[in-house]
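Listed below are the residues making up each chain.
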There are 2 protein chains.
Amino acid sequence: MRSVGIVGIGHTKFGKSEVPFMDMVCDAALQAMDDAGAKTGRNNVIDQVFVGTMGAGMVNRISGTASAVVDTLNIRPAMAETVENGPASGASAIKLGFMAIASGMCDCVLIIGAEGMRAVTGWEGTDFVATMLHPESEYKYGATLPAFAGMFTRLCMDKYGLESKDLSIVSVKNHANACKNPCAHIHSRVVLERITNPAYINATNPIVADPLRQFDMCPVSDGAAAVLLVAEDKKDALGFGDKKFVKIAGMGSATDTHVVANREVPSDLLAVRLSAKMAYEMAGVGPEDIDVAELHDAFQILEIAESEEVGFFKRGEGHLAARNGETALTGKKPVNTSGGLKAKGHPLGATGVSQVVELVRQLRGEAGERQVEGAKTGLAVNFGGFGNNVVSTVLTTK
Amino acid sequence: MRSVGIVGIGHTKFGKSEVPFMDMVCDAALQAMDDAGAKTGRNNVIDQVFVGTMGAGMVNRISGTASAVVDTLNIRPAMAETVENGPASGASAIKLGFMAIASGMCDCVLIIGAEGMRAVTGWEGTDFVATMLHPESEYKYGATLPAFAGMFTRLCMDKYGLESKDLSIVSVKNHANACKNPCAHIHSRVVLERITNPAYINATNPIVADPLRQFDMCPVSDGAAAVLLVAEDKKDALGFGDKKFVKIAGMGSATDTHVVANREVPSDLLAVRLSAKMAYEMAGVGPEDIDVAELHDAFQILEIAESEEVGFFKRGEGHLAARNGETALTGKKPVNTSGGLKAKGHPLGATGVSQVVELVRQLRGEAGERQVEGAKTGLAVNFGGFGNNVVSTVLTTK
């Protein structure tokens, strides 16, 4: 297959955006173009734009986001499509960009993932997110994502001896990492004692969806991230010869039952396993080759479960690895060096692209205080629905 | 590039759907799978599903439509993404399916275009459709699609001598064709005199957006259409050896300024021209090779203008060709044999796929009473926004 890689990255500061949705999208895009040295205007080299977003229509009441981006960036007549795969919309957009170049129809593709979701908060926000559940069997009965995550966590507690404190350990780690990431939503270090001490836990870390507490899940964020993809065989001709090329070595995606209750083993995340396997096989690597990973921790339990499904740790031992510091910045398998969804924030459609931006920074050696020494190969897992559609990406500079 | 074609088609009856949105989507999909003889379940051969829809989120409050389809059809763990490009979402989904197979990542891709838009009618429906206009420069000032189409028509009248009656001629033709299409929304023959006679025109064909009248624009429809794509080199191995293979010979798409007022020549549809050129070039054909075409006549003026932009007729002469019956079923260049958006209906995301389904029927010689004799090569033009993002497809059995 044709070799495809990344030559430019962009990332807005996640949090509450003070600018309109479209401005945020274009900000990330322009950063990625600037980073790569790509021009706008008639002689631009971008063949296609993909925007990954879940709620541009539902929340921001905008259709054709990708077309608007092309016009605003002055890169007409580039092709343009908007892609939706719930919170995995960003990685899906990258997957489509990869296909577009691999197919030979394009040589250079701009990907932006974005969400302006703080326009809806509270009940309305929870309801918006819940539209990713099955429309007939889940959503209409009032099911929500925190409810599923709560039940999933309880299963893992019963089955593997995981404790509430393990979730807090992941949370504390990701908050610490986010403090080193200028683009993160939350820059506050969290002390384990403060969110786990039974004497005041209900004040500092209240229950949201039993057994999950506030620090066991991500905040609601606005944000956008972008990457510029090129075909390796056209990198020089298109003027990106002096840019570090981070290769997309593997790309995988897979679906599981949309209705969570229909899963044979409800404590498994089958689509994570299958998508990672597909990405590993395409890249010709295994979990042992991954130096740094971004795993989709919308809920802290997911980071633990995914770290098992992608083969970093044995089934039921992910929480032990977290306890032992193995997933910390200085551990054997650093996970969510960016701060993860927990503390970097989780603007749904932006997340998959943001994960890849973090890996590019790590593999370029540009991650500053959170740099993993000698990182050459990275894995990103972007999780749609409650694991019903997962996209995994392996990047490498080897 | 790897050869990609269609081995299965599905199409619901357009109109007001009596079933939920997801059922309609799956109905079209199953028809396409049945038509191709594709299985569901573990041994299914579908690698990827793309659903093209503009309003699943905004109107039907469903995210991750494509994931839900995979589960309902029992074709897990097929990959799945939902694609949005306004009313060109359907053709965009086909374009991505084409890329997915051409890239080598997939061998067999299921495409469904769908819209359940009669859930919002009247003001709310017009507003939903208007979200495809530029969010900052058009939508928020109350611009609507009929308003743009009205202004565009006036320009063409002033510039080319086009008359109101020419729009009615196109309308009458498309209504007549739709009467021969069992899937069409409207099965009523329209008599030219009845919608043009000044004595009672304001009763039979009232003004909607001056100079446009009711019969100069399409109805609001629910509907879904589907196609099953395969790689030609895997057609036999996947069990489709006995199916007629309709090749996607050319695929093109292009964007124009999102803000209509910014166009250098506002009476041109540049993205139609560029996308058709791209599709022709890939297919190695020209307008003279097209035996039958589906052009996006959300407004009748668009059929006329597009028939010029794709090279069937000289600039400013499309309405003359329509007057002379050249685009009628028995004319030299039959356009919208399906009934077009005008009378077959226009469920936004479904339309691009529906157009291709009609071409497949024509090229297979299965179009019944509306069959164009000896049709071997067809062109579909699917138009997003007010021409800001257009996708053109050339199909052939040559």
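Residues numbered from 1 in each chain as written. Chains lettered and ligands numbered in written order. Predicted model: local features only at pLDDT ≥ 70, side-chain atom pairs only at ≥ 80, totals over all residues. Heavy atoms only, no water.

You'll find chain A entered in an unreviewed UniProt entry as Acetyl-CoA C-acetyltransferase, with Anaerocolumna aminovalerica given as the organism.

Take the relation of the copies chain B and chain A next. Between chain B and chain A, the superposition needs a rotation of 180 degrees and an axial shift of 0.0 Å, giving an RMSD of 0.0 Å. When the rotation and shift are considered jointly, the pair of chain copies conforms to a two-fold rotation axis. Nearest to the rotation axis, the C-alpha of serine 103 of chain B is located 1.8 Å from it, this being the minimum over chain B. (Least-squares fit on C-alpha atoms with pLDDT ≥ 70 in both.)

Moving on to the interface of chain B and chain A. Counting from both sides, the interface comprises 63 residues of chain B and, opposite them, 63 residues of chain A. Summed over both sides, the interface between chain B and chain A buries roughly 4,700 Å², with carbon and sulfur atoms accounting for 57% of that surface. At the boundary of chain B with chain A, the tally comes to six salt bridges. A salt bridge links aspartate 127 of chain B to arginine 61 of chain A; the nearest nitrogen and oxygen atoms lie 2.9 Å apart. On the surface where chain B and chain A come into contact, there are 28 residue pairs in polar contact (both at pLDDT 80 or more). Mapped onto the side of chain B that touches chain A, the elements with two or more residues apiece are β2 (48–52), α2 (65–73), β3 (79–84), α3 (89–102), α4 (122–130), β8 (246–255), α9 (270–283) and β11 (389–396) of chain B. Of the residues forming the side of chain B that touches chain A, the biggest block, seven residues, is contributed by α3 of chain B. Looking at the side of chain B that touches chain A residue by residue, the class counts come to 32 nonpolar, 20 polar and 11 charged. With three bridges connecting them, strand β3 (residues 79–84) of chain A and β3 of chain B associate as antiparallel partners. (Contact = heavy atoms within 4.5 Å. Buried area = accessible area lost by both parts, 1.4 Å probe. Salt bridge = Lys/Arg side-chain N within 4 Å of Asp/Glu carboxyl O. Polar contact = N/O pair within 3.5 Å; in protein donor to acceptor, adjacent residues only side chain to side chain. Helix = DSSP H or I, 4+ residues; strand = E, 2+ residues; numbered from the N terminus. Nonpolar A, V, L, I, M, F, W, Y, C, P; charged D, E, K, R; others polar. Pairing = 2+ DSSP bridges.)

Turning our eyes to something else, we now look at helix α5 (residues 145–160) of chain A. The terminal C-alpha atoms of α5 of chain A, which comprises 16 residues, lie 22 Å apart, in line with the 22 Å expected from a rise of 1.5 Å per residue. Following α5 of chain A by one or two positions, glycine 161 of chain A has its phi on the positive side, about 75 degrees. (Expected span 1.5 Å × (residues − 1).)

Let us now look at the side chain of glutamate 138 of chain B. Residue and element names in this part refer to chain B. Looking at the element boundaries, glutamate 138 is found in the loop between α4 and α5 (145–160). No salt bridge forms around the buried glutamate 138; measuring N to O, its nearest opposite-charge neighbour arginine 263 is 6.5 Å away. For glutamate 138, the contacting residues outside a window of four places in its chain are Leu133, Ala143, Phe148, His258, Val259, Val260 and Ala261. (Buried < 20%, exposed > 50% of the residue type's maximum accessible area, 1.4 Å probe, protein only. Lys, Arg positive; Asp, Glu negative; His and termini not counted.)

With that settled, consider the environment of glutamate 306 of chain B. All names here are of chain B. Note on placement: glutamate 306 falls in helix α10 (residues 300–309). We classify glutamate 306 as buried; its relative accessible area is 0%. Considered as a pair, glutamate 306 and phenylalanine 383 are 77 residues apart in the sequence and their alpha carbons are 9.7 Å apart. If near-sequence neighbours (up to four positions away) are discounted, glutamate 306 is found in contact with Leu269, Val272, Leu295, His296, Val381 and Phe383.

A few words on the UniProt feature "domain: Thiolase C-terminal" (unreviewed entry) in chain A. As annotated in UniProt, the feature "domain: Thiolase C-terminal" (unreviewed entry) corresponds to residues 252–396 of chain A in the numbering used here. Taken end to end, residues 252–396 of chain A has its terminal C-alpha atoms 15 Å apart, with 36% of it in helix and 17% in strand. (UniProt positions renumbered as here; feature names shortened; annotations may be inferred.)

What follows concerns the nonpolar core. Of all hydrophobic cores here, the largest spans 78 residues; its most connected members are Val227 of chain A together with Val227 of chain B. When residues no more than four places from it in sequence are discounted, the contact partners of valine 227 of chain B are Ile6, Gly8, Ile9, Ala32, Ile94, Val109, Leu110, Ile111, Val353, Val356 and Val357 of chain B. In this structure, Phe128, Leu162, Leu269 and Ala321 of chain A belong to the second largest nonpolar core, which totals 55 residues. (Core = buried A, V, L, I, M, F, W, Y, C linked by side-chain atoms within 4.5 Å.)

All names here are of chain A. Where helix α6 (residues 164–178) contacts helix α10 (residues 300–309), the axes come no closer than 8 Å and their chain directions differ by 95 degrees. As the angle between them shows, α6 and α10 are arranged roughly perpendicular. Facing α6, whose interface residues are Asp166, Leu167, Val170, Ser171, Lys173 and Asn174, α10 presents Gln300, Ile301, Glu303 and Ile304. Tallied by class, the residues present in the contact of α6 with α10 amount to four nonpolar, three polar and three charged. (Axes fitted to C-alpha atoms, helices over the stretch in contact; angles between N-to-C directions. Parallel < 35°, antiparallel > 145°, perpendicular 65-115°, else oblique.)

Attention shifts here to the pairing of strand β10 (residues 377–384) of chain A. The side chains of a regular strand alternate, first on one face of the sheet and then on the other. Residues and elements named next belong to chain A. With eight of eight residues buried, β10 lies mostly within the body of the structure. Alternating positions in β10 separate into two faces, Thr377, Leu379, Val381 and Phe383 on one and Gly378, Ala380, Asn382 and Gly384 on the other, with burial throughout. With four bridges connecting them, strand β9 (residues 292–295) and β10 associate as parallel partners. Residue pairing in the sheet places valine 292 in a bridge with glycine 378 of β10. Bridging between β10 and strand β11 (residues 389–396) involves eight bridges; their strand directions are antiparallel. Paired with glycine 384 across the two strands is asparagine 389, which belongs to β11. Linking β10 back to β11 in an antiparallel pair, the connection comprises four residues, with glycine 385 at a positive phi of about 60 degrees.

Here we come to the UniProt feature "domain: Thiolase N-terminal" (unreviewed entry) in chain A. Listed under "domain: Thiolase N-terminal" (unreviewed entry) in the UniProt record, and renumbered for this structure, are residues 4–233 of chain A. Along residues 4–233 of chain A the backbone is 38% helical and 19% strand, and the end-to-end C-alpha distance reaches 9 Å.

Let us now look at unusual backbone geometry. Each neighbour pair has its own omega, and for aspartate 210 of chain A with proline 211 of chain A the value is 5 degrees, a cis peptide bond. Looking at where proline 211 of chain A falls in the secondary structure, it is placed in the loop between β5 (207–209) and β6 (212–213). Note that the residue after arginine 76 of chain B, namely proline 77 of chain B, is joined by a cis bond; omega there is 0 degrees. Mapped onto the secondary structure, proline 77 of chain B falls in the loop between α2 and β3. Unusually for a residue other than glycine, asparagine 74 of chain A sits at a positive phi of about 60 degrees. In this structure, asparagine 74 of chain A sits in the loop between α2 (65–73) and β3. Classification of asparagine 74 of chain A by relative accessible area gives partly exposed; the value is 37%.

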